[in-house]
Amino acid sequence: MAAQTSLLVSQRVTSQPTMMLTSLCSQPVDESIIREQVLSTHNYDGREFNTNSILSMAEKTLSLEMGTAQKATVEELNQLQELDTYKELPLHIKQLSFEIASGAIAKHQHSTIHNVLSILSPYCWEDKLVLMVGAFSIIHGESTLISRLRKGKGLAGKLAHLKQSSHQSPIPTPLLSSAIELTKCVVEMKQCLSYSPPQSVISALPMAAYWIGRNVVNCAAYPCDPRFKVQNEHREITTLVATFSAELAKKKDEESYEALRNALYHGSFNNLQVFKLMFNVKNDNEIIFLHWWHDHTALRAWEKRLVMLLITSGVGVPKEWIHFLNWFYLNSRANIIWIPITQDDASWSTEYEQQCHQLRNKMRFFWLNDPQKMMRPQFTRFVKEELFKMRLGDEPIIVSLDRRGRIAHSNVIHMMLTWAPDYIHQDTIGVKIVPHNISLIIQKELKQGIYGIETSSESRHVGPKIDSITRDLVRNIDSQINAWKKDVEGIIEEVTSQSSPYDSEKEKLLWQQETAWTLHLLAPQTRYYYRIAKQIREEKYILLYGGNNIKWIREFLSKSCEVASKIQMNFELAYIGKNNMIRGIINKERMSHCPLYDSNAVWWFWARLRSMFLSRIQYLEMINHLVKEYNNDEILQGLKKLLSYESKNATTEGWALLSKGSEVVVCGHGSKMLQAMNDYEIWKENITATKSFGQAFKDHHEMLSKDKHSCCTLEYPIILSKIPENERCPECSRRMQKFLTFTCCHDHDIV
């Protein structure tokens, strides 16, 4: 042992330039000089070792010194003492312990630091810190140092004797704690493979090694000579801890964000794991989602549920949205959860919380319990950076998650508005065959297949035997059918458990079933359009109209009724414009058979049209439909017309749509539609047995001049990935002018 000690001490001299670190006791020295001297000892050759195991055992041993841990077992301390037997670790750590011990006895602080850093020359800066702390833990572990080294010889024995003969001055706990904290922080940063530290952190590593070196040398000498001053070390290490901790916190935040992002886009083991990345959840028994009347269930009850996240900017949710979402929730199998996103924590004022409570009272679906406390920063960041870019202005978005927590649709709200819940779910696959019925059919066929048994005299001998083996066969068939059904249901469950009806593929499938521009798209069979839906089924003429000029509306309806009386036909009249004042006049004067009295119905109609417009464009993109060919899509063109008539900047005096049942006959601008009605005496002769009133009206309408009409506007949301460079007017087919418009919704918070 003595020979080994002598050999190790003799190996202190390395190939590095002999440059002693300048003493800081005599005069202040510029940090750049110290850095230069520290860098001169560094010659990293790429070697690696298990830093975690060494640091863990060193921390356990030093915690005994600091009085913060239980007594370590003999086996663990033996393992710590024999670190040099690790295959991936050379004898340097043992050499370091002797170097530090001898330097502490000789009181040669700065030459010892230089020798220590020279021994550690081949290692990276992070590993130098671990090895120095590990070497120090061997010297100063209470159990090993006091109980074993008192009986030892050599430098370690002398150190133990000095420690025993002194007043047993304890090593300053704050200094040890900060040194360990700094080392752990640096090691943790190194182990993040995807992390590239900034230059400020890289530049701080050499000085971190220097101050840890001073720390272990001074702490080794402190029990023998308490006159050593350690205030500088503590101050400098504390400063470094603050620097590295701040950067480590950024790294952890980035890791958490990437973990959440990966889970939402690619899925996790189940959706509960994703919820734990989104919210501050400690265990599966916590209640994080509340409902206005449901018994509150634990998080584990949400496993593999279909979830739709209603995400809003603050609490500015219009009542129309709440009304629609309540209806959709009650008629669907999805669980809608409201999650408000605020600008920052300061937004959670008492007034804000009261508004939040008032809004929850109107909801008939779920909401996140205590969003300020439950929301993780990485989820808020993900919403603002990834999800809110898919919304229109400050409108809410609804994110559909599958049963594994993956995003099935980043904003399913257009799909929800366009199609009813039962229509979305109607293609659900399953097994509907009842094995019992099949068994009876098979048994009957088998019995009828035995020719002449009922009339044979031998039937009393063979009949029971045949019936018995037939029943056995049918039972076997039953068993096989049940096994088949179980296997098929397992396959279906495996597929459906990973999917959701509210995803992009389902939206694509729904659009594939819509092949023509019909009134079914405009007026689905709901309570708002019950009378229109009835006229559609009965193939009656329906006249929808809108606009902002009550004079035009009166004249157009008067002429339409006059024409209808001449041909002994009735129009189903319905005002569907946005103008509240005009609607009030129409309701009062009964100028509409089935007006949209309810503001919710009006909002829903135009919200659906805009959603259909956006959803249709996304569908055309999915099937690689060229942007320049958008004008060739019949459904998109029909939506463009209506939206351009009722847009905010349009100057349209009026417009009308004539249909026969669900078939749209003609949709046109007010002036042309009125002129076509006024010209009835001109084209009435065209109505024949083969040409209907609607076709004759359409033919004449198309012959009229396209020059006389008001301005149309068409709004493309900036969120669309593809916007036509050249848009044609849906009314006159001329090229439209392109403007950039900014709008502000004063009712909502901007996030």
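Bear in mind the structure is a predicted one, so any value in this text is a computation, not a measurement.

*Asks:* Give a description of the packing of aromatic side chains that names residues and reports values.
*Replies:* On inspection of all chains with the given rule, the structure shows 34 aromatic pairs. When the centroid spacing of 5.6 Å and the interplanar angle of 90° are considered together, the rings of Tyr541 and Phe693 count as edge-to-face. Residue Tyr541 is located in strand E7 (residues 541–546), and its partner Phe693 is located in helix H31 (residues 693–703); the two are separated by 152 residues in the primary sequence. Residue Tyr541 shares its accessibility class with Phe693, and that shared class is buried. Clustering of aromatic rings is evident, with ring pairs tying together Phe275, Phe279, Phe289, Trp302, Tyr329, Phe365, Phe366 and Phe379. The ring of Tyr257 has Arg381 lying over it, and the distance from NZ or CZ to the ring centre is 3.7 Å. The residue whose ring lies beneath Arg608 is Trp604, and the NZ or CZ to ring-centre distance is 5.2 Å.

*Asks:* Which residues make up the confidence of the model for the protein, and what values do they have?
*Replies:* Per-residue confidence for the protein averages 79 on the pLDDT scale, and 79% of its residues sit at or above 70. For residues 80–88, every residue scores under 50 in pLDDT, and the model assigns this stretch 23 contacts once sequence neighbours within four places are set aside.

*Asks:* Give a description of the sheet that holds strand E9 (residues 655–660) that names residues and reports values.
*Replies:* If you walk across this open sheet you meet the four strands as E8-E7-E9-E10, and the pairing is mixed. The open sheet is flanked by strand E8 (572–575) and strand E10 (663–669), the only strands paired with a single partner. The sheet shows a mean angle of 15° between the axes of neighbouring strands, taken without regard to direction. Bridging between E7 and E8 involves four bridges; their strand directions are parallel. For Ile542, the partnering residue across the bridge sits in E8 and is Glu572.

*Asks:* I'd love a proper account of the environment of Ala516, names of residues and values included.
*Replies:* Mapping Ala516 onto the fold places it in the loop between helix H22 (504–512) and helix H23 (519–522). Measuring from C-alpha to C-alpha, the distance between Ala516 and Glu663 comes to 8.8 Å, with 147 residues separating the pair along the chain. Setting aside anything within four residues of it in sequence, one finds Ala516 in contact with Leu521, Glu634 and Ile635.

Parameters and conventions
- Residues numbered from 1 in each chain as written.
- Predicted model: local features only at pLDDT ≥ 70, side-chain atom pairs only at ≥ 80, totals over all residues.
- Heavy atoms only, no water.
- Phe/Tyr/Trp six-rings, centres within 6.5 Å; stacked < 30°, edge-to-face > 60°.
- Helix = DSSP H or I, 4+ residues; strand = E, 2+ residues; numbered from the N terminus.
- Buried < 20%, exposed > 50% of the residue type's maximum accessible area, 1.4 Å probe, protein only.
- Lys NZ or Arg CZ within 6 Å of the ring centre and 35° of its normal.
- pLDDT = per-residue confidence, 0-100.
- Contact = heavy atoms within 4.5 Å.
- Pairing = 2+ DSSP bridges.
- Axes fitted to C-alpha atoms, helices over the stretch in contact; angles between N-to-C directions.

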